[in-house]
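Chain residues, written in single-letter form:
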Amino acid sequence: MMKAGTRLEKTLRAGQFALTVEVGPPRGPNPEDVLRKAQQLKGVADGYNVTDNQTAVVRMSSIAGARLLLDAGCEPIMQMTCRDRNRIALQSDLLGAWALGMRNCLCLSGDHQKAGASGKLKGHPGSKNVFDVDSIQLISILKGMRDEGVLESGDPISQPTPFFIGAVWTPLAPPEEFRVLRLAKKIEAGADFIQTQAVFDIKRFATAVKAAADRGLTDRAAILVGIIVPKSARMLEYMNANVPGVEVPEALIKRMAAAKDQRQEGYQITVELIQAARNIPGLKGVHLQAIESEEVLPEIIRAAGLLPRPQV
Amino acid sequence: MIIAEWKPLPELVEILKGHTNVLVVGCATCVAECAAGGEREVETLAPLLQMALKQEGRTINVRTSTLERQCEWEFVEELAKVAPQVDAIVSLACGIGIQAVAERFPELAVYPGVNTTALAIRQEPGTWLARCAACGDCVLGETFGFCPVARCAKSLSNGPCGGTRKNGKCEIDENIDCVWYQIYERAKARGKVEQLLKVRKPKNWSNSGHGGPKRVVREDLRP
């Protein structure tokens, strides 16, 4: 039985290799900024992640961004973090988002407010965070609202809110042995699909997916591997050194550094990563991110042989 | 212990505008242990304050006193003799002590000389680390003696976020251990990892400040 009937859910249900992409909302109120990205990306993916103030930088809200995408014909995956809202606000926003047509929701703890765009912006390091509930508890809340029509308190709502529930997984962050158990908790709490932290080391990632498969997790939830389009050797070095859970093999950094045209090499690497990931048993799709340069995605997706998207 | 840190001297100099007789009062308990408001710090701050004020062309008579415990009325009472001779008090106690003094001497201006920052333990000389958030819903029995509320930057209940560094530190501060990394290591050493598999429900925050200002009543101890 369909849980929310989203395009992403149907694609996975049909046994097709799914593809989602990330669309960061603008640091401003102009809807055109979202609509422009929607025009560039319409039809190339099964779901469009709309981030929720990622790296703790104020952006257009994920609900508003998601609605703009929806109106433009791109089915959004609304991201929701626990950093800025308590369970009252989270549930209220979930009701509102559902009323506005959102049916996919990805649950995250959220970057700490100290993150501040990795120091590129001032951000709001002096703000108060909330973290009333954590990402796993948020997943449970969505499941309760969908399957039982109740809030976290147990109070009923007038009708259930069927969301296709997503969670994230950082398989290669320490303590590595625990990461698969944490994934199991997320699935136990109610996650239907999983998008991972960016993967560059396919071999190590495949080992983690096997550990998940051995626990039966790849049958209970659909895992989509996260892939970030690399722009330069410096970016790869930076992520390897500074982004927990992102492991970039030395050989890949060297290959990028030796390339004449690093951007083009980055596209080629992305295509190869997607193709390698497709061979991992139990993996159900790819979640593609080209941070602040979404326009490059259609070409990469086509080159990876993932266009046109299946009709579902 | 409750830990506190000195407010910047210029802030204290500014705050004392218009006062002529000031009492700097310390507390010999927690804030003495964390070297912020004990007798030594009181006797260090008083002359510094006096010098800074003198540079600004202001002469203020600064007295000092350090109470055994500024959070107990009996000890606060000791200030009753000196209070009539001053027009302001700078307290180096935690927020509890400062308020006790302010409540006992409502006719005086009482200023904080410190910022109270955490419930912490001394890790090594000169280093203190937060240990408790006074959340009112203790989970230490399930987290192998490590508090995720006070020691995880996101107070997570169900394991580490994706921000654990390669060396087991927290992504937001390379000097802070990821407490969930520590919890996992302790669980593994004890052969009890399965204990961490349980999905922990949202916490009840109402038995702490989130339920309104805390008031504890013990009928058996009331007069």
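Structure: above.
Residues numbered from 1 in each chain as written. Chains lettered and ligands numbered in written order. Predicted model: local features only at pLDDT ≥ 70, side-chain atom pairs only at ≥ 80, totals over all residues. Heavy atoms only, no water.

1. Some remarks on the packing of aromatic side chains
Taken as a whole and assessed by the stated rule, the structure comprises three aromatic pairs over all chains. Between phenylalanine 164 of chain A and phenylalanine 193 of chain A, the aromatic rings sit 5.2 Å apart at their centres with planes inclined by 25°, giving stacked as the arrangement. With phenylalanine 164 of chain A in strand S5 (residues 164-169) and phenylalanine 193 of chain A in strand S6 (residues 193-198), this pair connects stretches of sequence that are 29 residues apart. This pair shows no difference in class: phenylalanine 164 of chain A is buried, exactly as phenylalanine 193 of chain A is. For the ring pair tryptophan 169 of chain A and phenylalanine 205 of chain A, a centre distance of 6.3 Å and an interplane angle of 50° mean the geometry is tilted. In this pair, tryptophan 169 of chain A is assigned in strand S5 and phenylalanine 205 of chain A in helix H7 (residues 202-214), connecting sequence segments 36 residues apart. Both residues of the pair, tryptophan 169 of chain A and phenylalanine 205 of chain A, count as buried. One Lys or Arg, arginine 278 of chain A, reaches over the ring of phenylalanine 17 of chain A and ends 4.8 Å from the middle of that ring. Taking the ring centre of tryptophan 205 of chain B as reference, the NZ or CZ of lysine 203 of chain B above it sits at 5.3 Å. (Phe/Tyr/Trp six-rings, centres within 6.5 Å; stacked < 30°, edge-to-face > 60°. Helix = DSSP H or I, 4+ residues; strand = E, 2+ residues; numbered from the N terminus. Buried < 20%, exposed > 50% of the residue type's maximum accessible area, 1.4 Å probe, protein only. Lys NZ or Arg CZ within 6 Å of the ring centre and 35° of its normal.)

2. As for the pairing of strand S4 (residues 88-91) of chain B
Residue and element names in this part refer to chain B. Going residue by residue along S4, you find Ala88 and Val90 tucked away on one face and Ile89 and Ser91 tucked away on the opposite face as well. In this structure, strand S2 (residues 21-27) lies alongside S4, joined through four bridges in parallel fashion. Looking at the pairing, valine 24 lines up with valine 90 of S4. The pairing of S4 with strand S5 (residues 109-112) spans four bridges and is parallel. (Pairing = 2+ DSSP bridges.)

3. A short note on the interface of chain A and chain B
Across the contact, 31 residues belong to chain A and 28 residues belong to chain B. Here chain A and chain B share an interface that buries about 2,600 Å² over both sides, 59% of which is from carbon and sulfur atoms. We note a salt bridge from glutamate 247 of chain A to lysine 166 of chain B, for which the minimum N-O separation is 3.7 Å. Our count for the chain A to chain B interface comes out at 20 residue pairs in polar contact (both at pLDDT 80 or more). Mapped onto the side of chain A that touches chain B, the elements with two or more residues apiece are helix H5 (135-148) and helix H6 (176-189) of chain A. (Contact = heavy atoms within 4.5 Å. Buried area = accessible area lost by both parts, 1.4 Å probe. Salt bridge = Lys/Arg side-chain N within 4 Å of Asp/Glu carboxyl O. Polar contact = N/O pair within 3.5 Å; in protein donor to acceptor, adjacent residues only side chain to side chain.)

4. Quick notes on the sheet that holds strand S7 (residues 127-132) of chain B
Residues and elements named next belong to chain B. Strands sit in the order S1-S6-S7 across an open sheet of three strands; the sheet is antiparallel. Looking at strand neighbours, the two that pair on one side only are strand S1 (2-6) and S7, the edges of this open sheet. Neighbour-to-neighbour, the strand axes of this sheet turn through a mean angle of 70°, independent of strand direction. As defined by bridge partners, strand S6 (residues 114-124) adjoins S7 across five bridges and the pair is classed as antiparallel. Residue pairing in the sheet places isoleucine 121 in a bridge with leucine 129 of S7. (Axes fitted to C-alpha atoms, helices over the stretch in contact; angles between N-to-C directions.)

5. So, unusual backbone geometry
Residues and elements named next belong to chain A. Going from proline 174 to proline 175, the amide bond is cis rather than trans, its omega being -5°. Within the secondary structure layout, proline 175 lies in the loop between S5 and H6. With omega at -5°, the peptide bond leading from leucine 307 into proline 308 counts as cis. In this fold, proline 308 is placed in the segment after helix H12 (297-303). Residues other than glycine seldom take positive phi values, yet asparagine 53 does so here, at roughly 50°. Mapped onto the elements of the fold, asparagine 53 is located in the loop between strand S2 (47-50) and helix H3 (62-71). Despite not being glycine, alanine 56 has its phi angle at roughly 55°, a positive value. Here alanine 56 lies in the loop between S2 and H3.

6. Here's the deal with the side chain of threonine 164 of chain B
You can see threonine 164 of chain B is positioned in the loop between helix H6 (148-151) and strand S8 (169-170). At 2.9 Å, the side chain of threonine 164 of chain B and the side chain of arginine 179 of chain A are in polar contact. Contacts of threonine 164 of chain B, omitting those with residues within four sequence positions, involve Ala173, Pro174, Arg179 and Pro244 of chain A together with Lys169, Cys178 and Tyr181 of chain B.

7. Digging into the pattern of salt bridges
Residue and element names in this part refer to chain B. This model, assessed by the stated rule, comprises 37 salt bridges over all chains. A salt bridge links glutamate 14 to lysine 17; its shortest N-O distance comes to 3.3 Å. By relative accessible area, glutamate 14 is classed as partly exposed at 47%. A salt bridge links aspartate 137 to lysine 203, with the nearest nitrogen and oxygen atoms 3.8 Å apart. Here aspartate 137 is found in the loop between S7 and H6, whereas its partner lysine 203 is found in the segment after helix H7 (179-189), with 66 residues between them in sequence.

8. A few points about helix H5 (residues 95-104) of chain B
Residues and elements named next belong to chain B. Every buried residue belonging to H5 is among Gly97, Ile98, Ala100 and Val101, and all of these are buried. Take H5 and look down its axis: the buried residues cluster within an arc of 160°, on one side only. In H5, the exposed positions that point more than 90 degrees away from the buried face belong to Gln99 and Glu103. The inward-facing, buried residues of H5 abut helix H4 (73-76), S4 and S5. (Arc of directions from axis to C-beta.)

This is a description of form; function is not addressed.
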